[in-house]
Amino acid sequence: MKILFDINIILDVFDNKRSEQYPSSKKVYDYCINNKLDCYLCVASLDNLEFLKISQLDMQFPELTYAQKKRLSDLLIQDLLKFFKLAKTPSYYPIDLNDIEDSQIIGSAHAIGAIVLTRDKDILEKYSYIAVHPDNFFDFIENKKNNKIPFLDLQSINMQYCHQFEEAFDAVLQSGWYILGQECKKFEEEFADYCGTKHCIGVANGLDALILILKAYKEMGIISDGDEIIAPANTYIASILAITHNNLKPVLVEPDLNTYLIDPDKIEEKITSKTKAIMVVHLYGQTCQMDKIWEIAKKYNLKIIEDSAQSHGAYFGQKRCGNLGDASGFSFYPGKNLGALGDGGAVTTNDDELANILRALRNYGSHKKYENIYKGFNSRLDELQAALLRVKLKYLDKEIEKRREIAKFYLENIKNEKIVLPKVRKEDNHVWHLFVIRTKERDRLQKYLEKNGIQTLIHYPIPPHKQKAYKEWNTKAYPVTEQIHYEVLSLPISGVMGMDEVKEVVEIINRY
């Protein structure tokens, strides 16, 4: 929860007479600081705060010089900024000329998604939907707790970085270069370094990342039309689309029911003379059992293509995903652990030739403008998304740690014999993009949770071989995959989810 303090509350706290007169201001202030809530001051209020503090000191200590009073006022603001962040008023926010300061405070609160803590009667009356009096603050908090628990609060996730986003946007706007510029180049360097690879190629989305990898291998003569690519039967359809869009044949392999990942013990039996690659999907955020898959790939001279759309930052052994095969496709769809504010994707690889071809393929098949080497695509990560991703990449490991904390609590405290919890081989193999449980009463459980204020999602209700898009496969049977798709339910998990919410989810599930 974000709280923007009006300066009348600050003055209440730091003046003895006002503290006695308005004790709720001090009580709320102490609560917010002690509980490390996100506290803000409006930038536009700082000058007024300084003026009012000096005026207070004038009345209380007339013997002090102006310089001394100014120094005391500056010290107060310095102390506040140890606990408070600054919120600026957006230039687009309309200003009410009858009360400019009130407009600035409300505009700043809107921009960061905060409530305004104030005693100002005009603000409380005019902006009752966003302003709260200290006397009513704890009732407000209690009502907030009774709100529904969202599956994923994207607004709160991204509002953490709003000031850095503003700075990134300004840098892109002022650069005058919006496609394949410095922001994309820097993000590619930083993400390659994060994954431990030589190359990162930014593309338009995760599906394009996979399509372009296979297309590049075709240009290299490693894969040809009609060749077979092994893939898990229970993946999201994007993995399969990438294969069929390249005129290649997906060969589906059942997953391990415990991990939901491709079962390495079932891969070898599907290999034929036409098999050219294994596409591993690190589903839900856990890496596949790569040691066994490496052995198979080496034995049959197969490429390993990672679908890392859900596993940014996950390890297998000493390597991160993105560096566990020959090439890896990432998605930066907004709901991912590393999500853009729109679509985005990338390919990582250590193969110089592959990277060189990919850079051309994403750009109409061209390295040099108007000279086209390949029949390429228009699939480029734009400068703005790259700039925003650079901001969030710095905090990705922090996001992962919070998700692991939540997942650990779920695993240790959900006690219901009707529910199957996910199995984890090793903690750093999993980044918990999703926390997926299974139950034979999936629809009933989902309705029960919704009734109790907990939003859940199903990833995914229909397996690829049952989709109308692949009607030629509809009669095929993949029983483990079908069981998974008919039983799974994803619980809320994110870096902004409070532990009080996590405990509530557990309590309600355990009562089911």
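Source: prediction; values computed, not measured.

A few words on the overall build of the chain. Looking only at helices and strands, one finds 20 helices and 18 strands in the chain. Overall, the C-alpha framework of the chain stretches about 95 × 60 × 40 Å when taken along its three principal axes. Here the chain holds 512 residues, and the buried ones make up 53% of them. Taking as baseline every contact in the chain between residues at least 6 positions apart, the subset at least 24 positions apart corresponds to 68%. Surface accessibility of the chain: about 23,900 Å² in total, with carbon and sulfur atoms responsible for 50%. The chain carries 67 positive and 72 negative side-chain charges, and their two centres are separated by 5 Å.

On to the pairing of strand β18 (residues 488-491), then. Burial along β18 is two-sided: the residues Val488 and Ser490 and Leu489 and Leu491 are all buried. Judged from the 4 bridges that link them, strand β17 (residues 435-438) and β18 form a sheet pairing that is antiparallel. Bridge pairing links Arg438 to Val488 in β18.

As a further point, take the pattern of salt bridges. Per the stated rule, a full pass over the model turns up 32 salt bridges. Between Glu166 and Lys88 there is a salt bridge, with the nearest N and O atoms lying 3.5 Å from each other. Pair noted here: Glu166 is in helix α10 (residues 162-175) and Lys88 is in the loop between β3 (84-87) and α6 (100-112), with a separation of 78 residues, a long-range link. Residue Lys88 is classed as partly exposed on the basis of its relative accessible area, which comes to 38%. Arg403 is paired through a salt bridge with Glu399; the nearest N and O atoms lie 2.7 Å apart. Linking Arg403 with Glu399, this pair stays in helix α17 (residues 396-413), spanning 4 residues, or about one helical turn. Of the two residues, Arg403 and Glu399, neither departs from the other in class, the shared state being buried.

Quick look at the layout of surface pockets now. Approximately 1,600 Å³ is the volume attributed to the largest pocket. Lining the largest pocket we find 45 residues, and of these Met1, Lys2, Ser156, Val496 and Gly498 sit closest to its centre. Of all the secondary-structure elements, those providing two or more residues to the lining of the largest pocket are α8 (137-145), α9 (154-159), α17 and α20 (499-511). Top contributing element to the lining of the largest pocket by residue count: α8, with 4 residues. Here the residues of the lining of the largest pocket are counted per class, giving 21 nonpolar, 10 polar and 14 charged. The space that makes up the second largest pocket amounts to roughly 640 Å³. Around the second largest pocket sit 29 residues that line it, and Tyr236, Ser331, Tyr333, Lys336 and Tyr460 are the ones nearest its centre. In terms of residue class, the lining of the second largest pocket is made up of 15 nonpolar, 10 polar and 4 charged.

Calculation rules
- Residues numbered from 1 in each chain as written.
- Predicted model: local features only at pLDDT ≥ 70, side-chain atom pairs only at ≥ 80, totals over all residues.
- Heavy atoms only, no water.
- Helix = DSSP H or I, 4+ residues; strand = E, 2+ residues; numbered from the N terminus.
- Buried < 20%, exposed > 50% of the residue type's maximum accessible area, 1.4 Å probe, protein only.
- Contact = heavy atoms within 4.5 Å.
- Areas by Shrake-Rupley, 256 points an atom, 1.4 Å probe, with all protein chains shown as cover.
- Lys, Arg positive; Asp, Glu negative; His and termini not counted.
- Charge placed at Lys NZ, Arg CZ, Asp CG, Glu CD.
- Pairing = 2+ DSSP bridges.
- Salt bridge = Lys/Arg side-chain N within 4 Å of Asp/Glu carboxyl O.
- 1 Å grid on protein atoms, 1.4 Å probe; cavity = no way out; pocket = protein on both sides within 12 Å on 5 of 7 lines; lining within 4 Å.
- Points joined across faces, edges and corners; volume = space filled by probe spheres on them.
- Nonpolar A, V, L, I, M, F, W, Y, C, P; charged D, E, K, R; others polar.

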